[in-house]
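Architecture at a glance
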Amino acid sequence: MVDFARSPRSTLGVEWELALLDGDSLDLTSAAEVLLADVAQRAPEFEKRIVGEMLTNTIELVTGVHKQVSGIAEDLAASMGALRALTEDRGIELMSAGTHPFAQWQSQEVRAKDRYLELVDRTQWWGRNMLIFGVHVHVGIDSRDKVLRIVNALLAYVPHLQALSASSPFWGGTDTGYASNRAMMFQQLPTAGLPFQFDAWSDYEKYVADMLTTGIIDNINEIRWDIRPAPNWGTVEVRVCDGLPTLEEITAITALIQCLVDDFSARLDAGETLPTMPDWFHDENKWRAARYGMDAIIIENAEADERLVTECLADEVARLAPVAERLGCSDELNSITSIIDRGVPYQRLQNVFKDSESLTEVTRSLINDLRTSYT
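Residue numbers here run from 1 along each chain, matching the order of that chain's written sequence. Residues qualify for local features only when their pLDDT is at least 70, as the model is predicted, and side-chain atom pairs are given and counted only at 80 or more; totals for whole chains, interfaces and linings, by contrast, use all residues. The side-chain figures draw on all heavy atoms in the structure; neither hydrogens nor water molecules are used.

The next point concerns a negative patch on the surface. Excluding any residue in a salt bridge, patches collect residues exceeding 30% relative accessible area, merging like charges within 9 Å and nonpolar Val, Leu, Ile, Met, Phe, Trp and Tyr side chains within 5 Å. In this description, accessible areas are obtained by the Shrake-Rupley approach with a 1.4 Å probe, and a residue is regarded as covered only by the protein chains that are shown. When a carboxyl oxygen of Asp or Glu is within 4 Å of a side-chain nitrogen of Lys or Arg, the pair counts as a salt bridge. When charges are counted, neither His nor the chain ends are considered; positive counts come from Lys and Arg and negative counts from Asp and Glu. Think of each charge as sitting on NZ of Lys, CZ of Arg, CG of Asp or CD of Glu. On the surface, Asp114, Glu118, Asp121 and Asp218 cluster together into a patch of negative charge. Numbered from the N terminus, helices here are DSSP runs of H or I no shorter than four residues, and strands are runs of E no shorter than two. Among the structural elements, Asp121 can be located in helix α3 (residues 114–123). To sort residues, take the accessible area from a 1.4 Å probe on protein chains only and compare it with the maximum for the residue type: under 20% means buried, over 50% means exposed, and anything in between is partly exposed. For Asp121, a relative accessible area of 58% translates into the label exposed.

What follows is the structure, given as structure tokens:
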């Protein structure tokens, strides 16, 4: 049996992965362990908020549980401030994007944790290539019976979230031609990518049991789907998004996800059946959004109607306005419009490169975006 911890409806938690950069070269630096030691010594109250990840070039900010997006923003800003005080002393810069524009995967170190070392040993070249950064958003679900139906319905919004958050057009010093190269990279890992659609919790339990029995996973957290149940927390976890350069973008996308999940939850309470689409539509939508970003024409429904993702996003912001007002995140949801107007992350990065022809300047723009977004 897979127990699902019941959570208050639509509560929030966010995990934000940050890249650690050498202040001079702006290349990645393997400074996570020394920074975590600094946190333990100089800011112990943040030990559960500032944590390590798979690579020693990454620090992750983890929030507590909040009812509103504004609480997420305050939480992340406080952790960022504490981390920044430590990085300044060591000449380390911070940035967030789906990938570092020019860093080479061969130079990166894996943290000496069994689960990370086992992953790389098993997946070899692909595991060592996971030089990527993301944002994960948890939303509380008040009944296990809702979880899988909400996951299935959320799949239709993978292209919206991926296009809006795409920030990885460059990888290893190369212009990949993709808005989100991270999306294509991450799905190479076993059990990563889009989730299977299950109708009943017992079907999901059977899947988990099969994965454990055959040794594909050792624990449930190794199911690395883009959207997944998080049974230990009682949440749906949305893992679609690239690393986001600014706090405004974090809160805007968190608001969109919270509104979508809460809307689905309310519709289920009212006895509605949530819409779904065939898996092959979801696969195609993910690829289109990763490749074309905001220029993607996506499949909207099971009838195969298609529209530009920007038009779909505008309609969703308008449709979810009453939900956002009830949840107290109207400003954050509405900021999606201004983010689109000035350019989502990958578009801004492409413009910097067009003007400067320098991936160092692209990286510097990410550092500046982050630094100015919360001060």
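Ring pairs (aromatic) are described by centroid distance and by the angle formed between their planes. Aromatic pairs are defined between Phe, Tyr and Trp rings, using the six-membered ring for Trp, whenever the two ring centres lie within 6.5 Å; interplanar angles under 30 degrees are classed as stacked, those over 60 as edge-to-face, and all others as tilted. Following the criterion strictly, the structure yields 17 aromatic pairs and no others. Look at Trp201 and Tyr204: their rings are 4.8 Å apart centre to centre, the planes differ by 50°, and that puts the pair in the tilted class. Of this pair, Trp201 and Tyr204 both sit in helix α8 (residues 201–213), three residues apart, which is roughly one turn of that helix. Summarising the burial analysis for this pair, Trp201 and Tyr204 share the class buried. By the ring-pair criterion, three or more aromatic residues cluster together here, those being Phe4, Phe196, Phe198, Trp201, Tyr204, Tyr207 and Trp225. Residue placement shows Arg182 over the ring face of Phe186; its charged tip is 5.8 Å from the ring centre. Whether a charge sits over a ring depends on NZ of Lys or CZ of Arg being within 6 Å of the ring centre and within 35 degrees of the ring normal.

Turning to its location among the elements, Ser365 is positioned in helix α15 (residues 359–373). On the basis of relative accessible area, Ser365 is assigned to the buried category, the value being 16%. Any two residues whose heavy atoms approach within 4.5 Å at even a single point are treated as in contact. When residues no more than four places from it in sequence are discounted, the contact partners of Ser365 are Leu349 and Val352.

Mapped onto the elements, Glu93 comes out in strand β4 (residues 92–95). Here the alpha-carbon distance between Glu93 and Tyr178, two residues 85 residues apart in the chain, equals 26 Å. Once you skip the residues sitting within four places of it in the chain, Glu93 turns out to touch Ala19, Leu20, Leu21, Gly23, Arg84, Ile367 and Arg371. Counted as a polar contact is a pair of N or O atoms within 3.5 Å, where, for protein atoms, one must be capable of donating a hydrogen and the other of accepting one, and residues adjacent in sequence contribute only when both atoms are in side chains. Among the polar contacts made by the side chain of Glu93, one reaches the side chain of Arg371 at a distance of 3.0 Å.

Moving on, we get to the packing of helix α6 (residues 158–165) against helix α11 (residues 309–319). Across the interface, α6 lies against α11 with an axial gap of 10 Å and an inter-helix angle of 105°. Taken together, the axes of α6 and α11 are roughly perpendicular relative to one another. Counting all contacts with α6, which are made through Pro159, His160, Ala163 and Leu164, the residues of α11 involved are Val309, Cys312, Leu313 and Glu316. Whenever a helix is involved, its axis is fitted only over the stretch in contact; in every case the axis is a line through C-alpha atoms, and angles between N-to-C directions fall within 0 to 180 degrees. What sets the label is the angle itself: under 35 degrees gives roughly parallel, over 145 gives roughly antiparallel, 65 to 115 gives roughly perpendicular, and the rest give oblique.

Right, let's get into the pattern of salt bridges. This model, assessed by the stated rule, comprises 29 salt bridges. We note a salt bridge from Asp262 to Arg326, for which the minimum N-O separation is 2.6 Å. With Asp262 in helix α9 (residues 247–269) and Arg326 in helix α12 (residues 321–327), this residue pair connects regions lying 64 residues apart in the sequence. For Asp262, a relative accessible area of 2% corresponds to the buried category. Of the charged contacts in the structure, one is a salt bridge between Asp369 and Arg348, with a shortest N-O distance of 3.5 Å. In this pair, Asp369 is assigned in helix α15 and Arg348 in helix α14 (residues 345–356), connecting sequence segments 21 residues apart. Since its relative accessible area comes to 24%, Asp369 is described here as partly exposed. What makes Arg348 buried here is its relative accessible area of 16%. Among the charged side chains, a network of salt bridges with common partners joins Arg9, Asp142, Lys146, Asp262, Asp269 and Arg326.

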